[in-house]
Amino acid sequence: MTAATAAPRTNSPGPERHRPDKPKTTEPRQHPPTFLSDPYPTLARMRRSAPVSVLHSDGGLRLWIIPRYVDVRAALFDRRLAQDVRRAQALADSRVEGVKLGTEVTHMLSSDPPDHTRLRRVVQAAFSRKRVEAMRPMVERITLELLDGLDAAAARHTTRTTTATVDLIRDFAFPLPILVVCELLGFPREDRDLYRKWSTAIVTQEGDHAAFLRAVQEMGSYVLAIADRRIRRNDRPADLLTELLAARERGELTDDEIVGMVALLLIGGHETTVNLLGTSCLALLRDPGQAAWLRADLTRMPRAVEEFLRYDSPICMATTRFTTEPVDVGGVEIPQDEFVLLSLGAANRDPARFQDPDRLVLDRRDAGHLAFGGGIHRCLGALLGKLETEIALTALLARFPGTTLACQERELRWRNTMMLRGLEALPLTLRR
């Protein structure tokens, strides 16, 4: 459930070697035609080429990309790689004009200690193992509601000569986690399309800072209106928004921080699961042998989810960091005040860490993926994201074991961002 901090839009990276004393940089260039649908060959070339690659964003900002598992893992725990978005914006402004990093939203992923420590402390209890496990009945109920809806749609559109096609992303993968977050926060489920619109504008940005600003402003007004209405009515339901408002009364949160926290929960609370459900289903459709192994015993699902997270990480690039002093990565020195991207997707396919990493192996024994990051910024909602995926895939496979892809794989559309790894749509033909 990690939300990507707004980052400068980048062209796809090409591999490049660097000398510690005089690193070279690539020229900006367009994505290879297949990068969004399959970034792994490009990421593999980066891993083989050097410990660090450099590219420029569309705005001309230099970005250092770390692709190897051992280096990514070390960097996730390295306090010399900071994430404070206001300091990052000042640094970007000193280099180029017009690059916007999203300073309008303040949350844990865009903060460093002590602010990060204070913000995380407010909500970390809500995502403890005990609290997440208590959400299981709620997640199961929402899952069954959505599957009943798919069943009804299939019955309406199936005839003797045709079968029903659904979009798994639109009809199942998106509404499931967003409805869970709505119940967690006490937000109206009928507004879920608004949340998706805001999430797309804030997370992907695609160089359109005006759309980013509109989404932030609309979301902020929406959240504070709900909060004010609760206070006027003295309405204090047992949900996370009530806990955030209590923290504000204790002087632990500001209004802006409440908005940022809700934005992180609304966006991060569904982005990872939406992407993971889509890529997991596609991986099973591509590999009938692995699908059969899983269907033979659905209690294997928790182990399978860990492999889905490794095999096609829903977050391809971790949130942007910057160096507060020189940092050595595999013999390459990244100078102070440089922007750094950690490629979780590349690290999770590193053959130096995982055996046969480009193959889906649902009973894999070499655990240790980095899909949820690590260190102080490790995804707070990791347990909830895994629970949602486990329940959703188990129920989906149990009800529709014969489901097939309803288009050619080359026709699938992928989200147009380097940061996230997810499908825009996944048309399926449902079969029992």
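The coordinates are above.
Residues numbered from 1 in each chain as written. Predicted model: local features only at pLDDT ≥ 70, side-chain atom pairs only at ≥ 80, totals over all residues. Heavy atoms only, no water.

Participant: Lay out the nonpolar core in plain terms, naming residues and giving numbers.
Facilitator: Ile 66, Phe 187, Val 262, Leu 266, Phe 308 and Leu 426 are the most contacted members of the largest nonpolar core, which totals 118 residues. Per element, the largest residue contribution to this core is 16 residues, and it comes from helix H12 (residues 255–286). In this structure, Phe 187 is in contact with Cys 182, Tyr 195, Tyr 222, Val 223, Ile 226, Leu 241, Val 262 and Leu 266, ignoring residues within four places of it in sequence. Counting 24 residues, the second-largest nonpolar core is a separate cluster that includes Tyr 40, Ile 65, Val 85 and Phe 339. (Core = buried A, V, L, I, M, F, W, Y, C linked by side-chain atoms within 4.5 Å. Buried < 20%, exposed > 50% of the residue type's maximum accessible area, 1.4 Å probe, protein only. Helix = DSSP H or I, 4+ residues; strand = E, 2+ residues; numbered from the N terminus. Contact = heavy atoms within 4.5 Å.)

Participant: Residues and numbers for the sheet that holds strand S1 (residues 53–56), please.
Facilitator: One open sheet holds the 5 strands; their spatial order is S1-S2-S8-S5-S3, and the pairing between them is mixed. Across the chains shown, the open sheet's two edge strands, defined by having one partner strand only, are S1 and strand S3 (81–82). By the bridge criterion, 4 bridges tie S1 to strand S2 (residues 62–66) in an arrangement that is antiparallel. Each bridged residue has a counterpart across the sheet, and for His 56 the counterpart in S2 is Arg 62. (Pairing = 2+ DSSP bridges.)

Participant: Can you lay out the pattern of salt bridges for me, pointing to particular residues and giving the numbers?
Facilitator: Taken as a whole and assessed by the stated rule, the structure comprises 31 salt bridges. One salt bridge in this structure joins Arg 399 and Asp 148, with 2.9 Å as the shortest N-O distance. Here Arg 399, found in helix H16 (residues 382–399), pairs with Asp 148, found in helix H6 (residues 136–157); they are 251 residues apart in sequence, far enough to count as distant. Residue Arg 399 is classed as buried on the basis of its relative accessible area, which comes to 17%. (Salt bridge = Lys/Arg side-chain N within 4 Å of Asp/Glu carboxyl O.)

Participant: A description of the packing of aromatic side chains should follow, citing residues and the corresponding values.
Facilitator: With the rule as written, the count across this model stands at 6 aromatic pairs. The interplanar angle of 40 degrees and the centroid separation of 6.3 Å between the aromatic rings of Phe 187 and Tyr 195 together place this pair among those described as tilted. Judged by centre distance (5.3 Å) and plane angle (65 degrees), the rings of Trp 198 and Tyr 222 are edge-to-face. Residue Trp 198 is found in helix H9 (residues 192–203), and its partner Tyr 222 is found in helix H10 (residues 209–233); the two are separated by 24 residues along the sequence. For Trp 198, a relative accessible area of 3% translates into the label buried. Look at Tyr 222 and you get buried, because its relative accessible area is 15%. Grouped by ring-pair contacts, the aromatic residues Phe 187, Tyr 195, Trp 198 and Tyr 222 constitute a single cluster. The residue whose ring lies beneath Arg 353 is Tyr 69, and the NZ or CZ to ring-centre distance is 5.1 Å. Note that Arg 353 overlies the ring of Phe 354, its terminal NZ or CZ placed 4.8 Å from the centroid. (Phe/Tyr/Trp six-rings, centres within 6.5 Å; stacked < 30°, edge-to-face > 60°. Lys NZ or Arg CZ within 6 Å of the ring centre and 35° of its normal.)

Participant: Give me the lowdown on the side chain of Asp 312, citing residues and values where you can.
Facilitator: Along the chain, the position of Asp 312 falls in the loop between helix H14 (301–311) and strand S5 (321–323). The exposure class of Asp 312 is buried, given its relative accessible area of 3%. Reaching out from Asp 312, the side chain makes a polar contact with the side chain of Tyr 40 at a distance of 2.5 Å. A distance of 2.9 Å separates the side chain of Asp 312 from the side chain of Arg 421, its partner in a polar contact. Residues contacting Asp 312, with those up to four places away along its chain left out, are Tyr 40, Thr 279, Trp 414 and Arg 421. (Polar contact = N/O pair within 3.5 Å; in protein donor to acceptor, adjacent residues only side chain to side chain.)

Participant: Explain the sheet that holds strand S10 (residues 427–429) residue by residue, including any values.
Facilitator: Strand order in the open sheet made by the 3 strands is S4-S10-S9, with antiparallel pairing throughout. The open sheet has two free edges, formed respectively by strand S4 (165–167) and strand S9 (404–405), since each of these has just one partner strand. The pairing of S9 with S10 spans 2 bridges and is classified as antiparallel. Note that in S10 the partner of Thr 404 across the bridge is Thr 429.

Participant: Any chance you could break down H16 for me, citing the residues and the numbers?
Facilitator: Between its terminal C-alpha atoms H16 stretches 26 Å, which fits the 26 Å expected from 18 residues at 1.5 Å a residue. Most of H16 is tucked away: 15 of the 18 residues are buried. (Expected span 1.5 Å × (residues − 1).)

Participant: Tell me about unusual backbone geometry, residues and numbers included.
Facilitator: Following Pro 113, the chain continues to Pro 114 via a peptide bond in cis, the omega torsion being 5 degrees. One can find Pro 114 in the loop between helix H3 (85–95) and helix H4 (115–123). Phi is positive for Asn 234, which is not a glycine, with a value near 55 degrees. Since its relative accessible area comes to 59%, Asn 234 is described here as exposed.

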